[in-house]
Structures are given as C-alpha cells and as structure tokens.
Amino acid sequence: MAKVKPRVKVPRSAKAGEVVTIKTLINHKMESGFRKDKKGELIPRKIINKFTAEFNGKKVFAADVAPAVSANPYFQFKVKVPESGTFKFTWVDDDGTTYTQEKKIKVGG
Amino acid sequence: MRVTRRQAFGLGLGATALILAGPATLPAVAKKAETADDAVKAFTGGAEAKSGKISLTTPEIAENGNTVPVAFEVESPMTAEDHVQEVLVLADGNPRPGVATFHFSELSGEAAASTRIRLAKTQNVVVVAKMSNGSYYMDKRLVKVTIGGCGG
Amino acid sequence: MATGLFSSTAAKLVAAAGLAALAASATAVLAGPNDNKLVVDGKEYVTKLPGPEGGPLKTIYSGWNFRNEATQAMQLDDFDNPGFVNVETGEQLWSAVDGEAGKSCASCHNDASESMKGVRAQMPKWNEKAGKPLALEQVVNACRETNMKAKPWKWESNEMLSMTAFIGSHSRGMPVNVKTDGPMKEWWQKGKDIYYKQVGQLDMSCAGCHEQNFGNMIRADHLSQGHINGFPLYRSKWQKLGSAHRRFKGCMKNIRATPYKVGGDEFVALELYVASRGQGLSVETPAVRN
C-alpha cells in the first residue's frame, strides 16, 4: 500500500475569535472488513478509526470512524481561534499506528 | 438425483418457511445486526430526536456509492453553556448503519462538518445531534445510489 | 446563508456555472452533457469545444460535463481532489535517487514544472529509438531502465500512477495536442480501427457508446464521449487513481470482450486515437470521475 500521508489545509492567519474552516485528507484504503479476497476469505478490517484535532493542546474536534467512511478519509470542519497557536491533527489506524500533522496559525487584530 | 427447476423452487420456499417459522434457529449474528433505529435509540438513550436545528446536505443521486459527500450544520450559539456535543451519522441501508460520530465543543465555533461516505445502495442518511442540554435533533435524506453500470 | 459546507461548495459550483436552475437539476433525468464550468484556482479549463469539420463529433465535451455536481465538486479544489495525494508522492519520487546509475528524474530533467510542461498533452508521442509511439508510462520506464539503470515500474503501480499524475499535472489546462501525421498515421489508423470494431459477446464497439450514445443512460450510467484528457484520474469506483489503459480494459470487460494487454501496442494505438478525438480539450490530470 501507498505510504500514508496526511494532508491538512488551515488558513495561515485569522482574526481573534474568527471561525476558520479546516480541511483534512489522508490516503488510506479503509479496508472495510466486509470484502472477500479471490479465495472467498474475508479481508481483515483495517481502517482509520479515529481522528482528532487539537488547538494549543485542547481538543476542538474529533470523529469516531466506521468502515462506511470512504477510502482516503476526508473531513472538513470549523474551529474558533481565539489566539495564535498550533493545530495538531491525529489519525489512528486499526493497527495502532498514529499519523500526525501540525499547522500553525497566526491570529491578530 | 436431478433437481428440476420446480423442485428447486419448492425447496427454496420450504427453506423460507422454515426461517419464518423458526426465528430461534437464526444464527446469532443475524440477531445482533443493529438497525439504524437501534443506533439512534442507543445514542439518545431512548429520548426523542426532534426535527429542526440540524440540517443535512447530500446529493440526491450519487454516481458511485463509494464516495458520497455529506455535510451537516447545527444551529447553536456554541457557548460553554449551550453547544452541540456530538453528531451521529448513520446510513440506514448499509450492512452496518454506523458511519461516524463527530465530537464538538464550544471551541468549535460552529457545529458543521462534511465528509465522504460509502453507501451500499439507495438509502437514507441520518444525522442526530446531541445538545449540551440533553436534547436531540435529527435530519434525514434519501440518496439514490446508481449501481451496475460502467461509469463512463 | 449556506446550509452546510457541502452545499456552499455546491452553491459555488452553481454560481460558477451561472445557472441557478442547476441547483434543482440533480433529480432531473440526465440528458446530454451539462454546461458546468470547470474552474480551479481561478483558472478555467476548456471542457467543451466545437469538433473539427468532417469529424464524428459536432461538439467535443470532456467527461467532466457528464458527471453530476457531487462528483464535479471533488475536482474544483485541488485539496478536495484525492488524486493530489499521488501528485505529491510523484513530486517526491521525481527527486528520489533510484537505480545503479545513482540518478533521479531531477538529475537530468531538473525542475519538472519547466521540463515537463506540456509533455502529457502530447502523449502518446513518436519515439525514434523505439520506432513507435510511446505512452507516458513507457517513456518513464524507458528513462528508468536506460538512464537510471533502475527497475521499471508496473503500469498500474502506485509509483507509476504518482509519477504520471505529477508529470501530467504540469500540463493542466494545456490543450491535448497529439501528432497524428508522419509515422504516427499508421498507429492512429490502427487505433481508429479498434475504436470502430465491434467485439465481445455483446458485439459492441467504443463508438457504439461513446460516439453514438453519449449523453444517454446505459443502465444507471451517463455515457460520456470517452475522452482521456484527465488520466490518470481518481475514480470513485476504484477508490484510487488509474490509467487510461485500465479504463479501456474495464470497458472491454463490460462488453464481454477479451481486453488487449495493458501497455500493449493495441492500447497505445487506441490511446493515441482517443486522445486525437479530444484535441483541444484541457488536460485535467488528475481528474475525478465516478
């Protein structure tokens, strides 16, 4: 499988208290656990089962994910930014691997 | 022995009758299958999910059930006292109805999100919002899924 | 105000199309292509143009115009387009040293945004050394084997798709412009013969669907003109990127025919001919389809 690469889109700057839109996408097959291989045996489930977004250490958004979320999971959501800081995004794989990405945002005015 | 079409049909009917007559003989896995209604009840703890406040946007026709964009938005001031805590997304015609549960807080600013989901066939997408005061709101949309063509 | 994030995208799409009626059109029976405009980062792509005089198509439409708004929305923003994960992977592969010669693509071709500009738009292209036209995949592998002394990539591998998506992305918005004269003429004719030949248990040809019935529904699907200006492209059905040859193979299986070999002369000839039918359409690599 292709190397898993999380992608996020966060505005570089915002006004204090502004609600900004964040987009995230991670390439992942999201093997549902319902499919069978050529021999007729079930292919084990392997999905991203959790996604969290933190801002300056505080959880601001999260998703518990089932196999019905499409391959290459995409989440778009909003966050209110009171001050400059760092977003940390975490994806948790069924195999225990976590993928993280960080983005800074500058808040002024 | 050769089984004729008619005999095979009879056998099939017999088997159906057996299943109808004896639910106790159904395999355990079939009994456990959770419906979307069950999932909503489990989420609300039996409380009624009213319509309003939450609005769901989906395409009316999905050209492929593998990637169906869905978005929702909940009316809420999103303050510490009054905000949306969670939104449950269900697909009532999938083998398992659960799609995702989104968690919000007053730091979210707005309780709105979008994602892309898998729909096995034409069915309803259901969203239920849990508010911080313990009330629940729901919206539902039918998505027609085109299956069986060549997509070209 | 917008009722949701997706709907705001949809609203933008409708606004871009300049047709408010489209908002309600999803329920209508699809007939013919739609007129939605493909605008990415403020740049408009040519998805519709008059066909050449005497040609089989009065108007040439990209596959884009046959998809509904939900599918189209995924191509309107490079972030929303899952094909861009491959473009980014391709960018890394471009400068990754591989093979016994200790070279990367960048060792010879430097900055891809300069050196690869317009390359995808001209593929398949005549290759003097091979004595035949080569598809982009074959050019990449020829370079890997001859110049990098590296192992060739499989046609449908993640590496190859990422590289062709990355190279192709540097031709985005440029018109498809394949050569069909000189030594290419024979190959073009070979591709044309395949295009019109009825094959398989259903006795169908490419033309039967994509020339005579584009815009119509075949079962639940809206038939396009079958242009390949967006390949490799992200397809929901595949849940990943795929090559034009993979699409040809799928089509042939659908009509119960034995597909030609991916990367074989027949498909290269067909790729050339099909590309020529869409001369002038903007390259959309990596496009998004259903």
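Procedures and definitions
- Residues numbered from 1 in each chain as written.
- Chains lettered and ligands numbered in written order.
- Predicted model: local features only at pLDDT ≥ 70, side-chain atom pairs only at ≥ 80, totals over all residues.
- Heavy atoms only, no water.
- pLDDT = per-residue confidence, 0-100.
- Contact = heavy atoms within 4.5 Å.
- Buried area = accessible area lost by both parts, 1.4 Å probe.
- Salt bridge = Lys/Arg side-chain N within 4 Å of Asp/Glu carboxyl O.
- Polar contact = N/O pair within 3.5 Å; in protein donor to acceptor, adjacent residues only side chain to side chain.
- Pairing = 2+ DSSP bridges.
- Helix = DSSP H or I, 4+ residues; strand = E, 2+ residues; numbered from the N terminus.
- Disulfide = S-S within 2.5 Å.
- Nonpolar A, V, L, I, M, F, W, Y, C, P; charged D, E, K, R; others polar.
- Expected span 1.5 Å × (residues − 1).
- Buried < 20%, exposed > 50% of the residue type's maximum accessible area, 1.4 Å probe, protein only.
- Arc of directions from axis to C-beta.

Some details on the confidence of the model for chain C
Residues and elements named next belong to chain C. With 89% of its residues at a pLDDT of 70 or more, chain C has an overall mean of 90. Here residues 1–29 is a poorly scored stretch, pLDDT under 50, and it has 43 contacts once near neighbours within four places are set aside; other chains count. Our summary of model confidence lists the complex with pTM equal to 0.85 and ipTM equal to 0.94.

Overview of the interface of chain C and chain A
Chain C puts 15 residues into the contact, and the matching count from chain A is 16 residues. For the chain C and chain A pair, buried surface summed over both sides reaches about 1300 Å², with 54% attributable to carbon and sulfur atoms. Run the count over chain C and chain A and you get four salt bridges. Put simply, Lys9 of chain A and Asp77 of chain C hold a salt bridge, and the shortest N to O gap is 3.5 Å. Between chain C and chain A we count seven residue pairs in polar contact (both at pLDDT 80 or more) in total.

Observations concerning the sheet that holds strand S11 (residues 288–289) of chain C
On the basis of which strands lie adjacent, the open sheet formed by three strands has the order S10-S9-S11 (chain C) and mixed pairing. Across the chains shown, the open sheet's two edge strands, defined by having one partner strand only, are strand S10 (240–242) and S11 of chain C.

What to know about unusual backbone geometry
Residue and element names in this part refer to chain C. Here the bond from Phe231 into Pro232 is cis, since omega is -10°, no more than 30 degrees from zero. A cis amide bond links Thr285 with the next residue in sequence, Pro286, at an omega value of -10°. Positionally, Pro286 belongs in the loop between helix H11 (265–277) and S11. Backbone geometry at Asn110 places phi at a positive 50°, although glycine is not the residue there. Following the sequence through the fold, Asn110 ends up in the loop between helix H4 (105–109) and helix H5 (112–115).

A word on the state of the cysteines
Applying the stated criterion to the full structure yields zero disulfides over all chains. Considering cysteine sulfurs only, Cys251 of chain C is the nearest to Cys206 of chain C, which forms no disulfide, with 7.1 Å between them.

Some thoughts on the interface of chain B and chain A
Taken together, the 24 residues of chain B in the interface contact 27 residues of chain A. The largest per-residue losses of area from chain B upon contact with chain A belong to Leu107, Arg116 and Arg118 of chain B, which jointly make up 32% of the total buried on that side. Viewed at the interface, chain A and chain B are joined by one salt bridge. The salt bridge partner of Glu110 of chain B is Lys78 of chain A, with a shortest N-O separation of 3.5 Å. Summed over the shared surface of chain B and chain A, the result is 17 residue pairs in polar contact (both at pLDDT 80 or more). Elements with a minimum of two residues in the side of chain B that touches chain A: strand S6 (98–103) and strand S7 (111–117) of chain B. By residue class, the composition of the side of chain B that touches chain A is nine nonpolar, 11 polar and four charged. Bridge count between strand S6 (residues 74–81) of chain A and S7 of chain B: three bridges; the pairing is antiparallel. When the sheet's bridge partners are listed, Gln76 of chain A is paired in S7 of chain B with Ser114 of chain B.

Let's talk about helix H8 (residues 184–196) of chain C
Residues and elements named next belong to chain C. End to end, H8 covers 19 Å across 13 residues, agreeing with the expected 18 Å (1.5 Å per residue, within 8%). For H8, the set of buried residues is Met184, Trp187, Trp188, Gly191, Ile194 and Tyr195. Along the axis of H8, the buried residues cluster in a sector spanning 120°; they form a single face. Exposed side of H8, more than 90 degrees from the buried face: Lys185 and Glu186 are the residues found there. Residues of H8 that are buried make contact with strand S5 (125–127), strand S6 (132–134), helix H9 (206–210) and H11.

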